[in-house]
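One-letter residues, chain by chain:
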Amino acid sequence: RSRFKVKGSNIHGWGLFVKTPIPKGEMLIEYQGPRPLPSSRQGWVIRKSIADRLMERYTRAGVPGATDGSYVFKLDDTTQVDATMAGNMARFMNHSCSPNAYSKARCDLSPHPPPSHRGPLHFNSAAAPPSPKVGEELQYDYQFALGGEKIACHCGAPNCWGRMN
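Since this is a predicted model, take the numbers as computed values, not measurements.

What counts and how
Residues numbered from 1 in each chain as written. Predicted model: local features only at pLDDT ≥ 70, side-chain atom pairs only at ≥ 80, totals over all residues. Heavy atoms only, no water. Phe/Tyr/Trp six-rings, centres within 6.5 Å; stacked < 30°, edge-to-face > 60°. Buried < 20%, exposed > 50% of the residue type's maximum accessible area, 1.4 Å probe, protein only. Lys NZ or Arg CZ within 6 Å of the ring centre and 35° of its normal. UniProt positions renumbered as here; feature names shortened; annotations may be inferred. Helix = DSSP H or I, 4+ residues; strand = E, 2+ residues; numbered from the N terminus. Pairing = 2+ DSSP bridges.

Quick look at the packing of aromatic side chains
The final tally for this structure, using the stated rule, is 1 aromatic pair. Ring centres of Tyr 140 and Tyr 142 lie 4.9 Å apart, and the angle between their planes is 45°; this geometry places the pair in the tilted category. For Tyr 140, a relative accessible area of 6% gives the class buried. Geometry around Phe 17 places Lys 7 over its ring, the cationic atom sitting 4.7 Å from the centre.

Observations regarding the UniProt feature "domain: Post-SET" (unreviewed entry) in the chain
Within the UniProt annotation, "domain: Post-SET" (unreviewed entry) is assigned to residues 149–165. End C-alpha to end C-alpha, residues 149–165 measures 8 Å, and it is 0% helix and 0% strand.

Description of the sheet that holds strand 10 (residues 137–140)
Strand pairing in a sheet is mediated by backbone hydrogen bonds. Such pairs are either parallel or antiparallel. In spatial order, the strands read 1-2-10-7; together these 4 strands make up an open sheet with mixed pairing. Of all strands in the sheet, those bounded by a partner on one side alone are strand 1 (4–8) and strand 7 (94–95). The pairing of strand 7 with strand 10 spans 2 bridges and is classified as parallel. Counterpart to His 95 in the pairing with strand 10 is Tyr 140.

And the structure:
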């Protein structure tokens, strides 16, 4: 049974909300894209060049969320997790300038990693109190690079920058 539910968000489109109490610092959810091939040692991770081609394809097809990369999580300059067309609930976590969760990249590329190490990206509840409460939307800082065309932030936090980059 899931500890979360997806529903409309005041921040942006859909959001991920807490259904059951969560202790501070607990692993919340793994960010996943489409189910990987059984032979894949890298699971949900794809190279940036592949993600760029997919984004062009999504944009041409008018796929919602494709033009702004809403469902692509950048692990580093060369690897990403693309959950645009398929993925789990983690893709609905919105940005906040005052987040209650954080992301932690962790990847085990061994042929048979333990279940707790299968994916490259886990979300944990924020280390500082308070822990996310039942009914509260889970949010994390997207940590977009500064510069380029500004992306508006609608998190509503008292310390909101008004932009995500």
